[in-house]
Amino acid sequence: MREEVKRILGIAIPLIIICIISGAALTATYGLTEERIEAVEQQKINESLSTIFLGASFTEMDDYYIATVSGEEIGYAFIAEGTGYGGTIRTMVGMYPNGTISGVSIISQSETPGLGTRIAEPDFTNQFSGKRIEGVRLRRDGGVIDAITGATISSRAITDIVRERAEVVMNETR
Amino acid sequence: MIEAVIVMGVLGIVFGVGLAYASGKLEVHVDERVERITELLPGGNCGACGFPACRELAEAVVKDHYLINNCRACNEDSWLGICNILGIELGRRKQEIALVACSCDSVDKFEYEGVRTCAAAALVMGGFKACKHACLGFGDCVHACPFSALERRGYQYFVDLRKCIGCGACVDACPRGLIKIVDKSAEVFVRCNSPDKGKVVAKICEKGCIGCKLCEKACEREAIKVENNIAVIDYGLCNGCGACMEACKFGTIVPVFHAEDAVDSTPKVTRTEKKSG
Amino acid sequence: MKLDELTKGVFKQNPIFYLVLGLCPTLAVSTRVDNALGMSLGVFFVLVCSNVIISLFKHRIPPQVRIPCFIVIIASFVTIVDLFMHGYAPELHERLGIYLPLIVVNCIILGRAEAFASKKSVFDSFLDAVGMSIGFMLAIVGIALCRETLSSGKIAIFDYTIVPTFTQSPSVMMTLPPGAFLTIAVIMAMIKYKAIRKEGR
Amino acid sequence: MPELIVSPSPHIRSDVSIEKIMYSVIIALIPTTACGIYFFGVHVLYVIITCILSALFTEYVALRLMGRKFVMDGSAVITGLLLALCLPPGLPLWMAAIGAAFAIAFAKCAFGGLGHNIFNPALIGRAFLTASWPVAMTTWTKPLTYDAITTATPLGLWKMQNIATPYINLALGNVSGCIGETSALAILIGGVFLIAKRYIDWRTPVSYIGTVAVLAFALGQDPLFHILAGSLFLGAFFMATDYVTTPITRNGRIIFGVGAGVIVVVIRLIGGYPEGVCFSILLMNAFTPLIDRHVRPRVYGVKRKRFFVSSANEGD
Amino acid sequence: MENLLVIAVGAIFVNNIVLSRFLGLCPFFGVSKKTSSALGMGSAVIFVMTCASAITWPIYTYLLLPFNLEFMRTVTFIVVIATFVQLIEMVIRKYKPGLYKALGIYLPLITTNCAIMGVALLNAEEGYSLIGSVVNGFSAGIGFTLALLLMSGIRERLEFADVPKSFQDLPIAFVSAALLALAFMAFSGMRL
Amino acid sequence: MLKFRTFRGGIHPPDSKITAGKPIEKAKIPANVIILLHQHVGAPCKPLVKEGEKVKAGQKIGDSDSFVSAPVHSSISGVVKEISTQQSPIGREVQGIVIESDVRAESARMEAIDPATASKREILTRIREAGIVGLGGAAFPTSVKLSPPEGKEIDTVILNGSECEPYITADHRLMLEQPDKIVKGVGIIMNVLDVDKGFIGIEDNKKDAIKRMREAVEREGDEGIEVFSLKTKYPQGEAGSLIKTVLNRETPSGSHSYDIGVLVQNVATAKAIHDAVYEGAPLIERVVTVTGDVKEPKNLLTRIGTPFYDLIEECGGFKSDVGKIVCGGSMLGVAEFGNVPTIKSTGCILVLDREKSKTPEERACVRCGMCVDVCPTGLMPTILEKLARARRFEECMDYHILDCMECGSCAYVCPSKIPIVQLIRYGKEEIKRRE
Ligand SMILES: Cc1cc2nc3c(=O)[nH]c(=O)nc-3n(C[C@H](O)[C@H](O)[C@H](O)COP(=O)(O)O)c2cc1C
Ligand SMILES: Cc1cc2nc3c(=O)[nH]c(=O)nc-3n(C[C@H](O)[C@H](O)[C@H](O)COP(=O)(O)O)c2cc1C
Ligand SMILES: Cc1cc2nc3c(=O)[nH]c(=O)nc-3n(C[C@H](O)[C@H](O)[C@H](O)COP(=O)(O)O)c2cc1C
Ligand SMILES: Cc1cc2nc3c(=O)[nH]c(=O)nc-3n(C[C@H](O)[C@H](O)[C@H](O)CO)c2cc1C
Ligand code: SF4
Ligand code: SF4
Ligand code: SF4
Ligand code: SF4
Ligand code: FES
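Residues numbered from 1 in each chain as written. Chains lettered and ligands numbered in written order. Predicted model: local features only at pLDDT ≥ 70, side-chain atom pairs only at ≥ 80, totals over all residues. Heavy atoms only, no water.

Participant: Hey, could you go over the overall build of chain E for me, with residue numbers and the actual values?
Facilitator: Scanning chain E from N- to C-terminus turns up nine helices and zero strands. In chain E, the succession of helices and strands from N to C terminus is α-α-α-α-α-α-α-α-α. Computed over its C-alpha atoms, the radius of gyration of chain E comes to 17 Å, within 12% of the 16 Å expected for a compact globule of 192 residues. On the principal axes, the C-alpha backbone points of chain E span a range of 60 × 45 × 25 Å. Within the span of chain E, comprising 192 residues, buried residues form 69% of the whole. A separation of at least 24 residues holds for 78% of the contacts in chain E among residues at least 6 apart in sequence. Taken as a whole, chain E presents about 6,300 Å² of accessible surface, with 66% of it coming from carbon and sulfur. (Helix = DSSP H or I, 4+ residues; strand = E, 2+ residues; numbered from the N terminus. Rg over C-alpha atoms; globule rule 2.2 N^0.38 Å. Buried < 20%, exposed > 50% of the residue type's maximum accessible area, 1.4 Å probe, protein only. Contact = heavy atoms within 4.5 Å. Areas by Shrake-Rupley, 256 points an atom, 1.4 Å probe, with all protein chains shown as cover.)

Set out below in structure tokens:
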């Protein structure tokens, strides 16, 4: 019995030690980089926020931001995500309280380069500005957004994502 | 910090102890000798040992040491290495080579059309050669050799003795049974396999053995005997003097070239040529 | 002799073309040269560090827990790379996505740990790791170069254009999985063709 | 005595040869080709010629590189022609040429040439072009206008805008679409010719088209529309019947047809493309080796009707 | 509650782990020469992937998330998977030698198969529930097996093919994979 | 209704039966005959005569003690010139007795026996003594075939008059010219086996023969015999296909037709049985169709052992540059390279000119599946061919290579002109050799 315990410990202890060292090392590294990572992430969001409401400042709510310019609430910004042609599309959407889109910017997407990725280009995203959320549909679906040729799926995905999320936020903010 | 270390520590304990415990309970003995022997084996997977792959032979050898004799392909060094691993002592191993016993000089008896392999051609009216023992020349043996030791030159087939390790794969492939495995010490060789009567052979082939027994008479050591209309050399007795070669009128008996440049010299079968030593 | 340890990984035993290991990141992130470079740097760091550490401790690690130990060591370095990249090269980090943590199971790394570092000396292991990573880098960057060229219609490394746009409609397929497989296939076939030609001579 | 030839039996062979079959297929494709040229104008003729020449040239070069003899057996012509027939009429010629070259080089010659390829070369050519230049490959010209007025195909109209095209147009071919796919009638003529000559097995097209019809009907779609629209006919009669890439047994061909039919309907209903014939055949091509391995005819005198047979020496 | 069918179909076809996610390629090329071994490897992967999904989920959810240790998931997941595979291998080897011959010999290969780890990470990334994770793992395994089987069928047929010398073996396997991936593009953009 | 029943697969080669309208002619007695001592399946015979000895036509000159064997008889009267090794038309080298004709037509006959009164033993002995073997091609000793092993009950006899091979018309002419003898022969077979159901299967491209045979059966008044019209399709004459068509039974793989209670005999065999029993005549002559590229194709009643070139000479010699001389039909026959003598099972000598003899160039298999579709056995010839070529014999076994009857249908249809049958034969030989 003693022998057995000894044998087991002989084998297990190196692994345990390595595990502990690893845990410690990683925590240390994490501590080193944590702030930076958060800053980077925040930066991404801020960048997209600021392209939507120029010059505004933002207060974070549950799942959306309230944009204020000199204390006055001018609109809401929120992240909308859903599945496109090649994977998840994350967008930052800005909306005025009256249900008009102020702007859309793509945070991340994995569509086909040269095709679906054109949804991130201003030519496409600028179309959203000033549209009412009911109208945020592809033209062929009865809306006012022109799809990108050859990338109907991506175009439709993004309009649907934006509209659906906008409707939810609209209800929440009422 | 603490959480991470604890989590990792716990995982380490659980798995470390688990694996350690399990490794005691569940230990299955594997023999590392198998690995080492496999490394020493030639790795041609030629199948001549009766096992489908070198590794299988290695496994068998560990159980039955003397099976190592089955591998014809390993050289002296690996042979000794394997004996070392097994902790046994075997005497000097016999080394063998393959030689093709036909000069392919027989005339055709008809025009063959069909699958161009020896084995298939041999099944059509006994082969298209007038001599029913003659090489059919499609080179099944060449394709069979795992060591690329056989090659065709002109119409004849030769073994490159630097490459051949006597594995016997070609022997199995030749439908005519023309390839003979002989001791590596062989210096002369009867390049015919026809047991037909001399009269028959002489009619259809210029280089065939007619069983005239001139070689038998020429050999001082009685190493060559005509049996069943064909001369057979006993390499245990033969010292390679070449007297039989001199005696044969048809050039049926040829020298065996072991030299490094064997590729070029093997096929020159002229009666006056003789190997020294 | 020592040099051999280094160069074999680059040519004779190139991990991708010869050993056919570590294919996943190779194919997945070789759409762009900069991704490829980022990935190979990550692999370089992890491979070198873990090879060295493993060969340092090889005698202390009981065989029964060899693999878990190796893997914890490797995974730690991977996480370190992951964290730093996230903090200091966020764009690259995003593009490499899931393939960055997957360096941990990159067959090259564990394969080298198993086959080499656990047997040889520290210095040899170090050389081996460097060689292998360079081999990996050459391969993945080469593949990325082909793919990016054909899929963007120009040759550019980062922002330096080498050959200006030669076609307005480059092949989208080269960024997709088939393009990746095809590129490797063609490169491998060319290597083999060369080898055969050489042998024939 | 004369020197005689000896060869194993049989001593007579049927007069059907590879060339004969291939040229018959080319003849069977003439009505479709003519329709394509009639509907979409002379550019189409250039596309067809480009594809065929590119296919032949690539095959010649590839075979020479491989150190083999180039034989003009007509298979490369079929590949080129069929590829052209499933391209949009307005495709730039250079793309057509690259597609044909890719098809022959990677889908055929890399595998060892005629008889050895796994995937249908013409369809690989098409899939390659679709993946490479999706926009050009989904730009359709209006029939009989002879200039580049772009429209949507019947399936596109149905999928994106829910507009049905009249059957008569679909049958005659007066709709937009790939060069050779629009006229169901012209394809049928060629297909029936090949079936009558026994060069292709009726089981493949019948099970393929039948499955699409039945499944479409079961899912509440218009079966006739789904049969006539798109390249189903071209695919069913000329591509799903390609010997090299489809199963060799009759039961296998039925499975092939049914499988491809299911995939077509799935792609048309929920897939990312309006049309799925090309991919359905390619996917079933991938399944073909497995089908061939497991679907075998019943051997005379072997009692058990083993539909699925597994190899005796498996498992080691 | 996610739609399990959608997860399953998505993992098998649309995002086939090998052909469109680029995971598990080493065994995909290494063990696809024979249908029988492809089946063995495939079964082993299905088994391990399902179990790995099931095991890593609680660790992630109850150990890492609460303590804010997400950054440790690479280390913890891989340790768990590696030990689990090793344990399973030992158990099968000891108690089911037949199964070991058919399946177990592939187990060591699986530790270094990034598909397993990839699926565990994807589960975490997608935030699937326990059942969703298990279904995803299982289906990804099926997708892997499907791709492997198709590939092995193709490669078995290629044994008879007259493949040019420079394309023999791996290059033609890669070409086949390319064409297979091209065919699998059929499922891209599929709306489930 | 029954008429449409058929077997799986099969082919329709052009039937080329150019001699169908030519009545059987008696061939000239050759100057020399070579009686091979091994013309049948089973043990070879030992010579009963010495060189220089005089023999009569019909005299037994070779016999064996073995059960599975049949004696051979001199087919002409003359002198034994030599006993030596000879090439046989089926490609073996066997012992043969060369007899030089002495022009006197001395013949030796046995006594006729009345089948109505004779015992079965007697009849079987007679069949053996007359040297009768299957004349349909296989040359299996008929007396052995008529003595089924213990426990195997034969319930049906099928007479094979299908003659599905292109070119051959020997059986066809025999049925037209001597239907009564054939029907009587069947009667004997049925008696010996105690069977009361007999079929005579004839392909429907021989309508006249069907009619003649029906009339003969009616004349004979045997209720149990039925003439069965078969769809014209190669290889209808192969025993398994024939049984499948006529009785819808299948011979299980690896067993014989007697396992399912069926005996198949060729029509010429039945006629030979008739001659041996009713007339006491040993088997020394048979009808041989000499056809193809000879000047004047004929159906010849020839003495067994006549050299091929004698018969070709009798048909006016070669029409053009000869390429192949085939013993047997175009599908199953064996190409000869020398002047071999006929044997009991030689039903046809087919001469092909050089152009027709050329084997077409082989191409890669395009997997058209035509071979699979036509294989009457349900095999996958293309796979077998590839496996055999790759020497993967174990897998060949898995694909039932040994069930192949070598009918040649697959090689006939293959558009790539692959010598499938030869490769399959090679595979089979190799498998047998390994066992
Ligand atoms: C390789 C390839 C990549 C594609 N990528 C996208 C994409 O990222 N986004 C998209 O909406 N459509 C993409 N498509 C096209 C769609 O599958 C589909 O053809 C298109 O959405 C049809 O829409 P259209 O009416 O705009 O032509 C791609 C097609 C291919 C062949
Ligand atoms: C479109 C089409 C459908 C056919 N359907 C059938 C069918 O369902 N059943 C059938 O026995 N023959 C059918 N045939 C007839 C076949 O062409 C053929 O004559 C029959 O399968 C006999 O083939 P086999 O003698 O080669 O076995 C069909 C023919 C065509 C052109
Ligand atoms: C492919 C093939 C075709 C055959 N064709 C015939 C034929 O047309 N006529 C015939 O009598 N026997 C034919 N046979 C031989 C028969 O199978 C069978 O052996 C014969 O009818 C038995 O009769 P026997 O013993 O009297 O010769 C053929 C055999 C094979 C393998
Ligand atoms: C009935 C039939 C259909 C064919 N269909 C195609 C086809 O769809 N695509 C193609 O590239 N070649 C086709 N071919 C030509 C040939 O089989 C093809 O090039 C081979 O796949 C190349 O090995 C066809 C040939 C025949 C006889
Ligand atoms: S020549 Fe024969 S014995 Fe020698 S290595 Fe080759 S196959 Fe083996
Ligand atoms: S296998 Fe035999 S017959 Fe064929 S080439 Fe070699 S030695 Fe000659
Ligand atoms: S020769 Fe054999 S494989 Fe070919 S068709 Fe006849 S039975 Fe079938
Ligand atoms: S008939 Fe010939 S080409 Fe067709 S599958 Fe059979 S072997 Fe191949
Ligand atoms: S790197 Fe993914 S399996 Fe090898």
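Participant: Can you explain empty space enclosed by the protein? Please cite residues and give values.
Facilitator: All names here are of chain D. Scanning all chains against the criterion turns up 16 cavities of 30 Å³ or more. Within this model, the largest cavity holds a volume of roughly 340 Å³. Residue lining of the largest cavity: 24 residues in total, with M22, I78, F238, D242 and Y243 positioned closest to the centre. Sorting the residues of the lining of the largest cavity by element identifies helix 1 (18–28), helix 4 (75–85) and helix 12 (232–239) as the ones contributing at least two each. For the lining of the largest cavity, the element with the highest residue contribution is helix 4, accounting for four residues. Class assignment of the residues belonging to the lining of the largest cavity gives a composition of 16 nonpolar, six polar and two charged. (1 Å grid on protein atoms, 1.4 Å probe; cavity = no way out; pocket = protein on both sides within 12 Å on 5 of 7 lines; lining within 4 Å. Points joined across faces, edges and corners; volume = space filled by probe spheres on them. Nonpolar A, V, L, I, M, F, W, Y, C, P; charged D, E, K, R; others polar.)

Participant: Let's hear about the interface of chain D and chain E: which residues, and what values?
Facilitator: On the chain E side, the residues contacting the 37 residues of chain D number 32 residues. A combined buried area of about 2,800 Å² lies between chain D and chain E, and 72% of that area is made up of carbon and sulfur atoms. The partner of E:D162 in a salt bridge is D:R68, and the shortest N-O contact between them spans 3.4 Å. Within the residue set of the side of chain D that touches chain E, elements represented by two or more residues are helix 5 (93–108), helix 6 (121–132), helix 13 (250–270) and helix 14 (277–294) of chain D. Here the side of chain D that touches chain E takes nine residues from helix 14 of chain D, the largest share from any one element. Partitioning the side of chain D that touches chain E into residue classes produces 25 nonpolar, eight polar and four charged. (Buried area = accessible area lost by both parts, 1.4 Å probe. Salt bridge = Lys/Arg side-chain N within 4 Å of Asp/Glu carboxyl O.)

Participant: Can you lay out the site of ligand 2 for me, pointing to particular residues and giving the numbers?
Facilitator: All names here are of chain D. Every residue near ligand 2 is listed here: I195, R198, W202, V206 and R250. W202 places a polar side-chain atom, nitrogen or oxygen, 3.0 Å from an oxygen atom of ligand 2. At a separation of 3.2 Å, an oxygen atom of ligand 2 approaches a polar side-chain atom of R250. Notes on ligand 2: free accessible area 620 Å², of which the protein chains cover 38%. (Near = heavy atom within 4 Å. Polar contact = N/O pair within 3.5 Å; in protein donor to acceptor, adjacent residues only side chain to side chain.)

Participant: How would you summarise the nonpolar core if you had to cite specific residues and measurements?
Facilitator: Among the nonpolar cores identified, the biggest contains 277 residues, and C:F181, D:Y208, D:F238, E:L25, E:F28 and E:F29 are the most heavily contacted of them. For this core, the element with the highest residue contribution is helix 4 (residues 66–88) of chain C, accounting for 14 residues. Once residues within four sequence positions are removed from consideration, E:L25 is found in contact with C:L23, C:C24, C:L27, C:F181 and E:V18. Within the second largest apolar cluster, 56 residues are counted, among which are F:I123, F:I154, F:I168 and F:V192. (Core = buried A, V, L, I, M, F, W, Y, C linked by side-chain atoms within 4.5 Å.)

Participant: Please set out a nonpolar patch on the surface residue by residue, giving values where relevant.
Facilitator: Together, D:V42, D:L45, D:Y46, D:I49, D:L53 and D:L93 line one region of the surface with nonpolar side chains, adding up to about 510 Å² of accessible area. Within the secondary structure, D:I49 sits in helix 3 (residues 42–65). (Patch = residues over 30% accessible without salt bridge, like charges linked within 9 Å, V, L, I, M, F, W, Y side chains within 5 Å.)

Participant: Describe the interface of chain F and chain D, and please don't skip the residues or the numbers.
Facilitator: Many structure descriptions define interface size as the accessible area lost when the parts assemble. Taken residue by residue, the interface counts 72 residues in chain F and 50 residues in chain D. With both chains or domains summed, chain F and chain D bury close to 4,900 Å², and 56% of this area falls on carbon and sulfur atoms. Three residues stand out in chain F for area buried against chain D, namely F:R363, F:V366 and F:R367, and they jointly supply 14% of the buried area on that side. Measuring nitrogen to oxygen at the nearest pair gives 2.5 Å for the salt bridge that ties D:E19 to F:R363. Counting residues per element, the side of chain F that touches chain D draws most heavily on strand 15 (residues 322–327) of chain F, which supplies five residues.

Participant: Give a detailed account of helix 14 (residues 420–434) of chain F, specifying residues and quantitative values.
Facilitator: Between its first and last C-alpha atoms helix 14 of chain F spans 21 Å; for 15 residues at 1.5 Å apiece the expected length is 21 Å, and the two agree. Of all 15 residues that make up helix 14 of chain F, eleven are buried, and the element is covered over most of its length. Inspection of helix 14 of chain F places F:I420, F:V421, F:Q422, F:L423, F:I424, F:R425, F:Y426, F:G427, F:K428, F:E430 and F:I431 among the buried residues, and these make up the whole buried set. In this structure, the buried side of helix 14 of chain F is in contact with strand 2 (111–112) and helix 5 (118–122) of chain B together with helix 10 (370–374), helix 11 (381–389), helix 12 (393–398) and helix 13 (409–413) of chain F. (Expected span 1.5 Å × (residues − 1).)

Participant: Give a description of the state of the cysteines that names residues and reports values.
Facilitator: Scanning the entire structure with this criterion turns up zero disulfides over all chains. Here B:C215 stays free of any disulfide, with the sulfur of B:C212 as its closest cysteine sulfur at 6.0 Å. (Disulfide = S-S within 2.5 Å.)

Participant: Let's hear about the pairing of strand 5 (residues 60–63) of chain F: which residues, and what values?
Facilitator: Residues and elements named next belong to chain F. Sheet topology note: the strand 3 (residues 46–47)/strand 5 ladder contains two bridges and is antiparallel. Note that in strand 5 the partner of P47 across the bridge is G62. Relative to strand 6 (residues 72–73), strand 5 runs antiparallel, the two sharing two bridges. In the sheet register, G62 faces strand 6, and the bridge partner there is V72. (Pairing = 2+ DSSP bridges.)

Participant: Please give an account of the sheet that holds strand 10 (residues 198–203) of chain F that cites residues and values.
Facilitator: Residues and elements named next belong to chain F. Taken in spatial order, the four strands make up an open sheet running 11-10-9-12, and their pairing is parallel. With one partner strand each, in any of the chains shown, strand 11 (225–230) and strand 12 (262–266) form the two edges of the open sheet. Along the sheet, successive strands turn relative to each other by an average axial angle of 25 degrees, direction set aside. Pairing of strand 9 (residues 156–160) with strand 10 involves four bridges; the strand directions are parallel. Counterpart to L159 in the pairing with strand 10 is I200. The strands that helix 4 (residues 179–193) touches are strand 9, strand 10, strand 11 and strand 12; relative to strand 9, the one it contacts most, it runs at about 150 degrees. Seen against the sheet, helix 6 (residues 239–247) touches strand 9, strand 10, strand 11 and strand 12 and runs at an angle of roughly 120 degrees to strand 9. (Axes fitted to C-alpha atoms, helices over the stretch in contact; angles between N-to-C directions.)

Participant: So what's going on with helix 9 (residues 184–196) of chain D? Which residues, and what values?
Facilitator: Residues and elements named next belong to chain D. For helix 9, which comprises 13 residues, the first-to-last C-alpha distance of 18 Å matches the rise-based estimate of 18 Å (1.5 Å per residue) to within 8%. For helix 9, every residue scored as buried is listed here: A184, A186, I187, G190, G191 and L194. Summarising the axial view, the buried residues of helix 9 lie within an arc of 165 degrees, below the 170-degree limit, and thus occupy one face. More than 90 degrees from the buried face of helix 9, the exposed residues found are I189 and A196. Residue R198 follows helix 9 closely and has a positive phi angle near 65 degrees. (Arc of directions from axis to C-beta.)

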